[in-house]
Structure formats: structure tokens, C-alpha cells
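# Structural features, examined
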Amino acid sequence: MIALLNVHFSRVGDLEYPDHVKTWPPVPLSAYRDGFGNWCTRLVAPQGEFCIGTEGVIGDSGLPDARPPDGGQSAVETLPDETLAFLLGSRYCETDVLSDTAWRLFERTPPGRARVQAICDFVHGHIRFDYLAARATRSAAQAYAEAQGVCRDYAHLAITFCRCMNIPARYCTGYLGDIGMPPPYAPGDFAAWMEVWLDGRWWVFDPRNNTPRIGRVLIARGRDAADVPMIHSFGTNILTGFEVWTDQIG
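Quick caveat, the model's predicted, so the values are computed rather than measured.

## What to know about the pattern of salt bridges
- Counted under the stated rule, the structure contains 13 salt bridges.
- Across the pair Arg-135 and Glu-146 runs a salt bridge, and its minimum N-O distance is 2.9 Å. Taken together, the residues Arg-135 in the loop between strand E6 (128-129) and helix H3 (140-146) and Glu-146 in helix H3 connect sequence positions 11 residues apart.
- Residue Arg-138 is joined to Asp-153 by a salt bridge in which the shortest nitrogen-to-oxygen separation is 3.1 Å. With Arg-138 in the loop between E6 and H3 and Asp-153 in helix H4 (residues 151-164), the pair connects residues that are 15 residues apart, well separated along the chain.
- Among the ionic contacts, a cluster of salt bridges with common partners joins Arg-135, Arg-138, Glu-146 and Asp-153.

Below, the structure written as C-alpha cells:
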């Protein structure tokens, strides 16, 4: 198994104590950084019942996601080299399939922040959130056609539209609680959102929630969900339990 459960290195300095991965029963663990800089834990799970998890306390500013200034979209020829991979199609983000659709929908929007927000507004309204409709193989084009899915589908579709409009966009996964939101709260889960390149840096946009949120904790970044699975397993297994929590304690 390969597990991506640890807080991203950009937030490690905010941890009150290390968020070590633990297993029951204990097994040897090794770790490495993947090509995107994400911290990955590698292990061999024994036959039978097996549990894996981590926990931690992290300091946060308590401020909602920052918003970029108006405009900010760069011409493709001026983009930094490291952003170019996030203009290309990927496993779940078929830019070739959705390019004409993206230009039809968003060509008349102002470039930059307004265009990204228009994409998020469209995706937020187009897809109906439904846990029961979750499917691990659903792509952005399928999410557009089916108009249903979960947070990863919102992110994939918005990322694809951004890339089609020449805005670098990358997939993010992490912990996102309900801090600052009115109850009732849904059961905890991993969250997916995107980061887009505007005004010379990456900015968070969340087409699923479509509002700045407090206490977002990044785990991993990649081209799409294929790069950052919570658990990648090599062999047959059955998930019998799953719990995620992100609570404010101070």
C-alpha cells in the first residue's frame, strides 16, 4: 500500500506534534516524496483485519481562503516552466474533450479571477452533490455529462475548464472541517479542491463549496486524483470502516 495521509510539507511547521502514520497491527513503514513533493508512506499490509491512520493538531490563522486580485491571468508564453504541466490534459481531466465546451461557456468572461470564479459558479450549479453517486472512475467529461458526483468531480471539471482556458490548475486533497459553517454538519470526509495560477502565484478555489472556508489543511497536490489517492493498494481488499474528523479545539 501507498498512503497519502500526512499534512503537506508546506504546513508541517504548523503542526503541534508530528502526525506519524500508525497501523494496527504494527508493520514496518518507509516514506518518500513523489514527483509532486507529496509525502507518501509505503507498507505491506498483512492478511486479515488491518487499520491505518494518523492524527495531529495544527495551528491555523483562522482566516478564510485568500482571494486573488482582479485579473491576474498570464499569457501562456509568460508562464513559469513549472506551471505548464498543469495546462495539459490528464487521466481525469480531458481537456481535448471539453475544450470547445469551455470556450463556448467562458470565452466572454473577463480573463483572470472573474473567469475562474465563473467556472466555479457554473460547476457548483451544474453538478448535483450525491455521495451515493460517487464513482472512482468518473472523469471530468463524464461529470459534465452526468451532472452529479462528489467533491473530486467538482474539482476535476473546474480544473479541466481552467486548463482549456489557458489557466494552470492543479488538484488538491486534504482535510476540511466545518469551522465557521452553520450546523448540521455532514460526516467528516477527505475534501478535494483546486489551486489556480493567477497574479504570479497559486490560489485556492473550491467549486464544491464555492465559498472561502476556514481551516483548510492540505495533504497533497497533483494533476488530478490519480496522482494523490488517499490509499493506493496493490491487491484485493475490502473497506470496512472509514472515519475523518477536523475539529476546532481552541
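## Overview of the UniProt feature "domain: Transglutaminase-like" (unreviewed entry) in the chain
- Under the UniProt annotation, "domain: Transglutaminase-like" (unreviewed entry) lies at residues 143-209.
- The span residues 143-209 shows a helical share of 27% and a strand share of 34%, and its end C-alpha atoms are spaced 16 Å apart.

## Structural notes on unusual backbone geometry
- Residue Trp-24 is joined to Pro-25 through a cis peptide bond whose omega torsion reads -5°.
- Following the sequence through the fold, Pro-25 ends up in the loop between strand E2 (22-24) and strand E3 (30-33).
- Here Pro-183 and Pro-184 are connected by a cis peptide whose omega angle stands at 5°.
- When you line up the elements, Pro-184 lands in the loop between strand E8 (169-175) and strand E9 (190-198).

## Considering the pairing of strand E4 (residues 39-42)
- The pairing of strand E1 (residues 2-3) with E4 spans 2 bridges and is antiparallel. Within E4, the residue paired with Ala-3 across the bridge is Thr-41.
- Turn length for the E3-E4 hairpin, with the two strands adjacent in sequence and antiparallel, is 5 residues, and the turn residue Gly-37 shows positive phi of about 85°.

## Let's talk about the side chain of Asn-38
- Inspection of the secondary structure puts Asn-38 in the loop between E3 and E4.
- Among the residues examined, Asn-38 registers a relative accessible area of 0% and is labelled buried.
- For Asn-38, the side chain forms a polar contact with the main-chain oxygen of Arg-221, separated by 2.7 Å.
- Setting aside residues up to four positions removed in sequence, Asn-38 forms contacts with Leu-4, His-8, Tyr-32, Arg-33, Ile-219, Ala-220, Arg-221 and Val-228.

## Overview of the side chain of Arg-216
- With respect to the element layout, Arg-216 can be found in the loop between strand E10 (201-205) and strand E11 (217-222).
- A distance of 2.6 Å separates the side chain of Arg-216 from the side chain of Asp-65, its partner in a polar contact.
- The residues touching Arg-216, leaving out its near neighbours within four places in the chain, are Arg-11, Asp-60, Asp-65, Tyr-175, Leu-176, Trp-193, Val-204, Asp-206 and Thr-211.

## Some thoughts on H4
- Look at H4: 20 Å from first C-alpha to last across 14 residues, which is about the 20 Å you get at 1.5 Å a residue.
- With 14 of 14 residues buried, H4 is to be regarded as a mostly interior element.
- Trailing H4 by a residue or two, Asn-166 shows a phi angle of about 65°, which is positive.

## Regarding the packing of aromatic side chains
- Scanning all chains against the criterion turns up 12 aromatic pairs.
- With a centroid separation of 6.0 Å and 40° between ring planes, the pair formed by Phe-190 and Phe-242 is classed as tilted. Placement of Phe-190 in strand E9 and of Phe-242 in the segment after strand E12 (231-232) is noted, with a sequence separation of 52 residues between them.
- Among the aromatic residues, those joined into a cluster by ring pairs are Phe-36, Phe-86, Trp-197 and Trp-202.
- Its guanidinium or amino end placed over the ring of Tyr-154, Arg-208 lies 5.9 Å from that ring's centre, counting from NZ or CZ.
- The ring centre of Trp-193 lies 4.6 Å from the NZ or CZ of Arg-216, which sits over that ring.

## Focus: the nonpolar core
- Of all hydrophobic cores here, the largest spans 49 residues; its most connected members are Val-116, Met-194 and Val-196.
- Considering every element that reaches this core, the biggest residue donor is H4, with 9 residues.
- Contacts of Met-194, omitting those with residues within four sequence positions, involve Val-116, Cys-120, Ala-158, Ile-159, Cys-162, Arg-170, Cys-172, Trp-203, Val-204, Phe-205 and Pro-207.
- Residues Cys-172, Ala-191, Trp-193 and Leu-218 belong to the second largest nonpolar core, which totals 6 residues.

Definitions and limits used
Residues numbered from 1 in each chain as written. Predicted model: local features only at pLDDT ≥ 70, side-chain atom pairs only at ≥ 80, totals over all residues. Heavy atoms only, no water. Salt bridge = Lys/Arg side-chain N within 4 Å of Asp/Glu carboxyl O. Helix = DSSP H or I, 4+ residues; strand = E, 2+ residues; numbered from the N terminus. UniProt positions renumbered as here; feature names shortened; annotations may be inferred. Pairing = 2+ DSSP bridges. Buried < 20%, exposed > 50% of the residue type's maximum accessible area, 1.4 Å probe, protein only. Polar contact = N/O pair within 3.5 Å; in protein donor to acceptor, adjacent residues only side chain to side chain. Contact = heavy atoms within 4.5 Å. Expected span 1.5 Å × (residues − 1). Phe/Tyr/Trp six-rings, centres within 6.5 Å; stacked < 30°, edge-to-face > 60°. Lys NZ or Arg CZ within 6 Å of the ring centre and 35° of its normal. Core = buried A, V, L, I, M, F, W, Y, C linked by side-chain atoms within 4.5 Å.

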